[in-house]
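# Reading the structure
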Amino acid sequence: DLDLKTLRLFAAVCEHRNIKLAADEAHIEPSAISKRLAQLETTVGTALLDRGRRGVTPTPAGLALLDHARTMLFTAQRIESDIASFRGGIRGHVRMVASVSAIAGSLLEDVAVFMRDPANGAIKVDIEERVSRDVVRLVREGRASLGVCWDSADFPGLQTRPYRSDHLALAVYGGHPLIGRKAIGFAQTLEFQHVGMQPSSAVHGTLQRAAARIGHTIDYRVIVSSFDAAFRVVAAGLGISVLPLQLSKLYSSAGQVEMIPLSDRWAERRFAICSLAPNLVPPAATRMMDYLAERAGNG
């Protein structure tokens, strides 16, 4: 039985570390806040604040509650904003999650063209970057309306539509023995040290399977958490790395990194747009999915 007003006041007290300052901000009496906080502590059955002469500080239990309170207050604010948008004539709010490869490719441009169309002028869009595994999970949980990631991901229970494609290439630094080639097979790269992505990334899984098929392993000298970091490490001359070719446009290193397309058939990858069953997808998201699929097909 936690009400949002009490949680909002509790969060304000924690941020100001002072009940009077929180009361001034909320335009109520400090005694009213103190009464609500006492009732809150009774409800949860533990002390949430340490009260001292110089103010208050949250206890460990108070910090845990504060984290949840901020999440709940943010969600409540989004609910209010979404409902208010319908009152103002907005016809929908599309929440999309996409892999960094998709975002670095044509996705943002496609979404921008969609939103510039007067017919879609009343649609809001949120785009969040996630790894492919999380893209699928968030769509399946209903926390995002649409997802865009590689079509090699596991999509049980979701509908998919084909989207665009990209190509994997080898990033090499100046002076490396492989520099200057027009194309290269992945097997030829395995005698050199690589800069790899984290195991949760789709690129990592693709390369591990490719190496295993030919009975080899990949010698990782450095593991990084982003494509940007991978380009920087390659530019520093610490290894080579297999990365999406399209990303080189965003993460150029002033000519310090050269991209060599992989000649392997699996290096050409397709993206897919995923969503829940058609009857569970909001109309605005359905319109965007249809548009993205059609634009990719025509491209």
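Computed from a predicted structure; not experimentally measured. (Residues numbered from 1 in each chain as written. Predicted model: local features only at pLDDT ≥ 70, side-chain atom pairs only at ≥ 80, totals over all residues. Heavy atoms only, no water.)

### Brief notes about the overall build of the protein
So the rule is basically this: Elements are defined by DSSP. Helices are runs of H or I of four residues or more, strands are runs of E of two residues or more, and each kind is numbered from the N terminus. Here the globule rule is a power law, 2.2 Å times the number of residues to the power 0.38, and the radius of gyration is based on C-alpha atoms. When accessible area is computed with a 1.4 Å probe and restricted to protein chains, residues below 20% of their type maximum are described as buried, those above 50% as exposed, and intermediate ones as partly exposed. The contact rule is simple, with two residues in contact once any of their heavy atoms fall within 4.5 Å. The Shrake-Rupley method, run with a 1.4 Å probe, gives the accessible areas here. Residue values count only the displayed protein chains as cover.
For the protein, the count of helices and strands is nine helices and eleven strands. Computed over the C-alpha atoms, the radius of gyration of the protein is 25 Å, more than 25% above the 19 Å expected from 2.2 N^0.38 for a compact globule of 299 residues. With the C-alpha coordinates of the protein rotated into their principal frame, the extents come out at 75 × 50 × 35 Å. Going through the 299 residues of the protein one by one, you find that 42% of them count as buried. By sequence separation, contacts in the protein at least 24 residues apart represent 73% of the contacts at least 6 residues apart. Just so you have it, the protein exposes about 15,900 Å², and 52% of that area is on carbon and sulfur atoms.

### Notes on helix α5 (residues 100-116)
Quick reminder of the rule: Multiplying 1.5 Å by the helix residue count minus one yields the expected span of that helix. The seven residues ending at a residue and the seven starting there each receive a fitted axis; the angle between those axes is the bend at that residue.
Its 17 residues give α5 an end-to-end C-alpha distance of 23 Å, which sits within 8% of 24 Å, the value for a rise of 1.5 Å per residue. At S106, α5 is bent by approximately 60°, the largest bend along its length. Of the residues making up α5, those classed as buried are V100, S101, A102, I103, A104, L107, D110, V111 and F114.

### Re empty space enclosed by the protein
Defined as follows: Only protein atoms enter the 1 Å grid, on which a cavity is a set of points fitting a 1.4 Å probe that cannot get out and a pocket is an open set with protein on both sides within 12 Å along at least 5 of 7 lines, lining residues being those with an atom within 4 Å of a point. Grid points are joined across faces, edges and corners, and a volume is the space filled by probe spheres set on the points.
Taken as a whole and assessed by the stated rule, the structure comprises one cavity of 30 Å³ or more. A volume near 40 Å³ is recorded for the largest cavity. Forming the walls of the largest cavity are H194, V195, G196, M197, V203, H204, L207, Y220, S241 and V242. Sorting the residues of the lining of the largest cavity by element identifies β7 (194-197), α7 (202-213) and β9 (241-244) as the ones contributing at least two each. Tallying contributions element by element places β7 first for the lining of the largest cavity, with four residues.

### What about the nonpolar core?
Formally: In plain words, nonpolar cores are sets of buried Ala, Val, Leu, Ile, Met, Phe, Trp, Tyr and Cys residues tied together by side-chain atoms within 4.5 Å.
Membership of the largest hydrophobic core comes to 58 residues, with the highest contact counts inside it found for L107, V148, L170 and M288. Contact partners of L170, with chain neighbours within four places excluded, come to L178, I184, T189, I240, S241, V242, E258, M259, I260 and L262. Residues F10, L40, L48 and A69 belong to the second largest nonpolar core, which totals 20 residues.

### A short note on unusual backbone geometry
Even without glycine at this site, R17 takes up a positive phi of about 55°. With respect to the secondary-structure elements, R17 resides in the loop between α1 (4-16) and α2 (19-26). Take R17: its relative accessible area is 41%, and that puts it in the partly exposed class. Notably, H27 is not glycine yet its phi reads approximately 60°, a positive angle. Inspection of the secondary structure puts H27 in the loop between α2 and α3 (30-44).

### Structural notes on the layout of surface pockets
We apply this condition: Residue polarity is assigned by list, with Asp, Glu, Lys and Arg as charged and Ala, Val, Leu, Ile, Met, Phe, Trp, Tyr, Cys and Pro as nonpolar; anything else, Gly included, falls into the polar class.
The space that makes up the largest pocket amounts to roughly 700 Å³. In terms of lining, the largest pocket is formed by 30 residues, of which the most central are R95, G142, R143, A144 and S145. Elements with a contribution of two residues or more to the lining of the largest pocket: α4 (60-87), β3 (92-98), β4 (123-129) and α9 (283-298). In terms of residues, the lining of the largest pocket owes the most to one element, α4, which gives seven residues. For the lining of the largest pocket, the residue count by class is 16 nonpolar, six polar and eight charged. Taken as a whole, the second largest pocket holds about 290 Å³ of empty space. What lines the second largest pocket is a set of 18 residues, and nearest its centre among them are V100, V131, M197, S201 and F227. Put simply, the parts of the chain that give the lining of the second largest pocket at least two residues each are α5 and α7. Class assignment for the residues of the lining of the second largest pocket results in eight nonpolar, eight polar and two charged.

### Notes on the pairing of strand β11 (residues 268-275)
Which entries qualify depends on this criterion: DSSP calls a pair of strands paired once it identifies at least 2 bridges connecting them.
The element β11 is largely enclosed, with a buried count of six among its eight residues. Across four bridges, the pairing between strand β5 (residues 146-150) and β11 is antiparallel. Within β11, the position partnered with G147 by the bridge is C274.

By themselves these figures say nothing about function.
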